[in-house]
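# Survey of secondary and tertiary structure
For reference, the chains in residue letters:
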Amino acid sequence: MPYDTVIVNGRWFDGTGAGSAVRNIGVRDGRVATISAEPLDSTGADVIDATGQWVIPGIIDIHTHYDIETLCEPSLSESLRHGVTTVLLGSCSLSTVYLDNVDAGDIFGRVEAIPRRYVIEHLDEARCWTNPKEYVAALEQLNLGPNIAAFIGHSDMRAATMGLDRATRKEIRPSGAELARMESMLEEALDEGFVGLSSQQLLFDKLDGEVCRSRTLPSTYATARELRRLNAILRRRNKILQSGPDIKNPFCIVSQLAASLGIGRRRLKTSLLSAADVKSLPPVIYLMEALARVVNALGGDFRWQHLPVPFEVYADGISLVIFEEFGSGAAALHLQDEIERNELMRDEEYRRQFRKDYDQKYGPRVWHRDFFDAEIVACPDESVVGKSFGRVGLDRGGLHPVDAFLDLVLEHGEALRWRTTISNHRPELLKRLAQSPHVQMGFSDAGAHLRNMAFYNSGLRLLRHARDAERHGTPFLSIERAVHRLTGELGGWYDIDAGTLREGDRADIVVIDPEKLDDSLDAYAEHPVESYGGLSRMVNRNDDTVRSVLVSGQLVFGAGQAAPNLGKQRFGQFLRAGQRIGALTPTG
């Protein structure tokens, strides 16, 4: 039988971690039909010459916030072009399966820095579902680029059951009927193939909108009893809990680790945010790894999520989520009106509190709170570009770094653009985490924080790190193992039909030029999101690195150019947990 596509002479990685080899790959009807050391008959087939290149399974991105973008720009081309062929929706307790459209705008807008008005508008236009079955059917009608898998969000279920106002009040607990309804919602989602439940206990994620503005996410108000009842369903059905613990409450972290053990009951597959080498607390990464090692040694099934690159963030003015974690920063972000916000930032009492918060260097936190470690990259006043806020303060007569920062925000608003690296800044620690069996590669946040960061190519950057170390004679991870960490390991743990490239597997394939795993991976560009009013978002552009991307055997990107029919026809599909399609009968 003829092949639809033949990939010739590439170094083939199967995604399992097994040794690689030069092979020819024949694709037919969306799946891998033949892998052979011998030439294949390419008569009538599209031929991709992969000589000197790597041929790997499509990368899996386990942590995105594409829930809204999937509805309006379902090609998700920014991920596809970097070799990501499967994405997971519904992270951090946020999904759009059950809750009201306006409430969805409130829970996505500020937490994920996705313009609230567009969340509401696109849901108003797209919504034709009231339950998971109808939601999945709606996704499968879209012209998907990559494959989609999904968590059901705890905040989604809680707000839909109790109403957003009641769901975000400490003094209100769900009734027995409301708890039963949430359990039923979770069961319905798992019946439709959702991979599990995402929750969130982190307290600096704040709601948008008017009625509940600046309250934390609905899932953060859940009692231990509510969490236990939902977790019991996950245990029974061997599905996954993804969560983010309250980092200021050690008991919360320990309890979530312990919950994975399942002593006297079935263990709970648990993925927590996030294994990061944070500048603010350098020793904590060793503790996180040790705790995970102990839990898994005792029979747990626990993983930290980890972004395998330096966590560099950009900000326009004061618009950055790290300010949510302390009182004075959250007070400024609470104010939507620019005039009111500016009045607050001029107030000396407010500045005194901000300086006090900034100077508090101890205790759990994400941001290291060092304005000397924050570089200005764009500003109408070019004299400050390339300097830190701390340096600007010294240049202006010894101003406190906080005053220098607030003065520049008042002068230039969001025309002031700056950056800082919050975590993952030590290459040796990145190597250690990349080797750890207690850590998963993920946490790109693709589709969120559009002006703050761009990690669409984080998988490519891990491959470069491994390749460079190998070339320098100091390998820490084989290329085969690095590919496995981005593909087959994740597909297996999340129990979805993705991540391997063997005869009979889904033909989600990426062809990479290893010589182009170079410095271009560190740069970022900007590109408008038409569906968000032309908002310019940070993206990556490594068009010479990724030579070809196939989804279900069809070419969707080649050398940075999208296929003409991308966005006009469906390539990907909804992947249901636990449903792996049977292999083809190998031929050739």
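If you check an unreviewed UniProt entry, the chain appears there as Amidohydrolase 3 domain-containing protein from Mycobacterium simiae.

## Some points on the pattern of salt bridges
Within the structure shown, the criterion is met by 49 salt bridges. Linking Arg481 and Glu489 is a salt bridge whose minimum nitrogen-to-oxygen distance equals 2.9 Å. Members of the salt-bridge network, linked through shared partners, are Glu348, Arg351, Arg355, Asp403 and Asp407.

## Digging into the domain arrangement of the chain
According to the domain assignment, the chain contains domain 1 (59-312 + 423-496) and domain 2 (313-420). Taken residue by residue, the interface counts 20 residues in domain 1 and 24 residues in domain 2. Across the domain 1/domain 2 interface, buried area totals approximately 2,000 Å², and carbon plus sulfur atoms make up 48% of it. Connecting domain 1 to domain 2 are four salt bridges. Between Lys279 and Asp373 there is a salt bridge; the shortest N-O distance is 2.6 Å. Seen at the junction of domain 1 and domain 2, the total is eleven residue pairs in polar contact (both at pLDDT 80 or more). When grouped by side-chain class, the residues that make up the side of domain 1 that touches domain 2 number five nonpolar, five polar and ten charged.

## So, the packing of aromatic side chains
Inspection of the entire model under this criterion finds 28 aromatic pairs. Taken together, Phe323, Phe326, Tyr350, Phe354, Tyr358, Trp367, Phe371, Phe389, Phe405 and Trp418 form an aromatic cluster joined through their ring pairs. It is Lys269 that lies over the ring of Trp493; its NZ or CZ is 4.8 Å from the centre. Sitting over the ring of Tyr358, Lys361 keeps its end group 4.1 Å from the ring centre.

## Re the nonpolar core
Counting 100 residues, the largest nonpolar core has Ile56, Ile152, Met157, Leu186, Phe194, Trp304 and Leu463 as its most contacted members. With six residues, the single largest contributor to this core is helix α8 (residues 176-191). Among all residues touching Met157, those that are not within four sequence positions of it are Tyr98, Ile152, Met182, Met185, Leu186, Leu197 and Leu230. Leu307, Ile322, Leu333 and Val402 belong to the second-largest nonpolar core, a separate cluster that totals 39 residues.

## Description of the side chain of Ser79
Of note, Ser79 is situated in helix α2 (residues 77-80). We classify Ser79 as buried; its relative accessible area is 1%. Excluding residues that lie within four positions of it along the chain, Ser79 makes contacts with Tyr66, Val84, Ala446 and Tyr456.

## Comments concerning the sheet that holds strand β14 (residues 375-378)
With antiparallel pairing, three strands are arranged side by side in an open sheet as β13-β15-β14. Edge strands, defined here as strands with exactly one partner in the open sheet, are β13 (311-316) and β14. Pairs of neighbouring strands in the sheet enclose a mean axial angle of 35°, with direction left out of account. Here three bridges tie β14 to strand β15 (residues 417-423), and the two strands are oriented antiparallel to one another. Directly across from Glu375, in β15, lies its bridge partner Arg419.

## Notes on helix α9 (residues 224-237)
Given 3.6 residues per helical turn, the α-helix brings residues three or four places apart onto the same face. For α9, which comprises 14 residues, the first-to-last C-alpha distance of 20 Å matches the rise-based estimate of 20 Å (1.5 Å per residue) to within 8%. Immediately downstream of α9, the backbone of Asn238 shows phi near 55°, a positive value.

## Details of the sheet that holds strand β10 (residues 240-243)
Strands sit in the order β6-β7-β8-β9-β10-β11-β12-β16 across an open sheet of eight strands; the sheet is parallel. Each end of this open sheet is capped by a strand with a single partner; those strands are β6 (59-61) and β16 (439-441). Going across the sheet, the axis of each strand differs from the next one's by a mean of 30°, ignoring polarity. Of the pairings in the sheet, the one linking strand β7 (residues 84-89) to strand β8 (residues 147-153) comprises four bridges and is parallel in character.

## Some thoughts on the side chain of Thr500
Among the secondary structure elements, Thr500 is positioned in the loop between α20 (488-493) and β17 (509-512). The class for Thr500 is buried, based on a relative accessible area of 13%. Leaving out residues up to four positions away in the same chain, Thr500 has contacts with Asp14, Gly15, Thr16, Pro57, Gly488, Asp505 and Arg506.

## Description of the environment of Arg467
Mapped onto the secondary structure, Arg467 falls in helix α18 (residues 458-471). For the pair formed by Arg467 and Leu566, sequence separation is 99 residues and the distance between their alpha carbons is 31 Å. Sequence-distant contacts of Arg467, that is, excluding residues within four places in its chain, are made with Trp54, Ile479, Pro514, Glu515 and Leu517. A polar side-chain atom of Arg467 sits 2.9 Å from a polar atom in the side chain of Asp468. Within the structure, Arg467 has its side chain in polar contact with the backbone oxygen of Pro514 (distance 2.3 Å).

## A look at empty space enclosed by the protein
Scanning the entire structure with this criterion turns up two cavities of 30 Å³ or more. In this structure, the largest cavity encloses a volume near 120 Å³. In this structure, the largest cavity is lined by 14 residues; those nearest its centre are Ile59, Ile60, Asp61, Ser458 and Gly459. For the lining of the largest cavity, the elements supplying multiple residues, two or more each, are β6 and α18.

## A closer look at the state of the cysteines
By definition, a disulfide is the covalent link that joins the sulfur atoms of two cysteine residues. The tally for this structure, following the rule as stated, stands at zero disulfides. No disulfide involves Cys92; its nearest neighbouring cysteine sulfur is the one of Cys252, lying 14 Å away.

## Observations regarding the packing of helix α13 (residues 338-346) against helix α14 (residues 348-359)
Here α13 crosses α14 at 75°, and the two axes come no closer than 5 Å. In terms of orientation, α13 lies roughly perpendicular with respect to α14. Two secondary-structure elements touch here, α13 through Leu344, Met345 and Arg346 and α14 through Glu348, Tyr350 and Arg351. Here the contact of α13 with α14 is built from residues that sort into three nonpolar, no polar and three charged.

Reading guide: rules and limits
Residues numbered from 1 in each chain as written. Predicted model: local features only at pLDDT ≥ 70, side-chain atom pairs only at ≥ 80, totals over all residues. Heavy atoms only, no water. Salt bridge = Lys/Arg side-chain N within 4 Å of Asp/Glu carboxyl O. Domains from an automatic or database assignment. Contact = heavy atoms within 4.5 Å. Buried area = accessible area lost by both parts, 1.4 Å probe. Polar contact = N/O pair within 3.5 Å; in protein donor to acceptor, adjacent residues only side chain to side chain. Nonpolar A, V, L, I, M, F, W, Y, C, P; charged D, E, K, R; others polar. Phe/Tyr/Trp six-rings, centres within 6.5 Å; stacked < 30°, edge-to-face > 60°. Lys NZ or Arg CZ within 6 Å of the ring centre and 35° of its normal. Core = buried A, V, L, I, M, F, W, Y, C linked by side-chain atoms within 4.5 Å. Buried < 20%, exposed > 50% of the residue type's maximum accessible area, 1.4 Å probe, protein only. Helix = DSSP H or I, 4+ residues; strand = E, 2+ residues; numbered from the N terminus. Pairing = 2+ DSSP bridges. Axes fitted to C-alpha atoms, helices over the stretch in contact; angles between N-to-C directions. Expected span 1.5 Å × (residues − 1). 1 Å grid on protein atoms, 1.4 Å probe; cavity = no way out; pocket = protein on both sides within 12 Å on 5 of 7 lines; lining within 4 Å. Points joined across faces, edges and corners; volume = space filled by probe spheres on them. Disulfide = S-S within 2.5 Å. Parallel < 35°, antiparallel > 145°, perpendicular 65-115°, else oblique.

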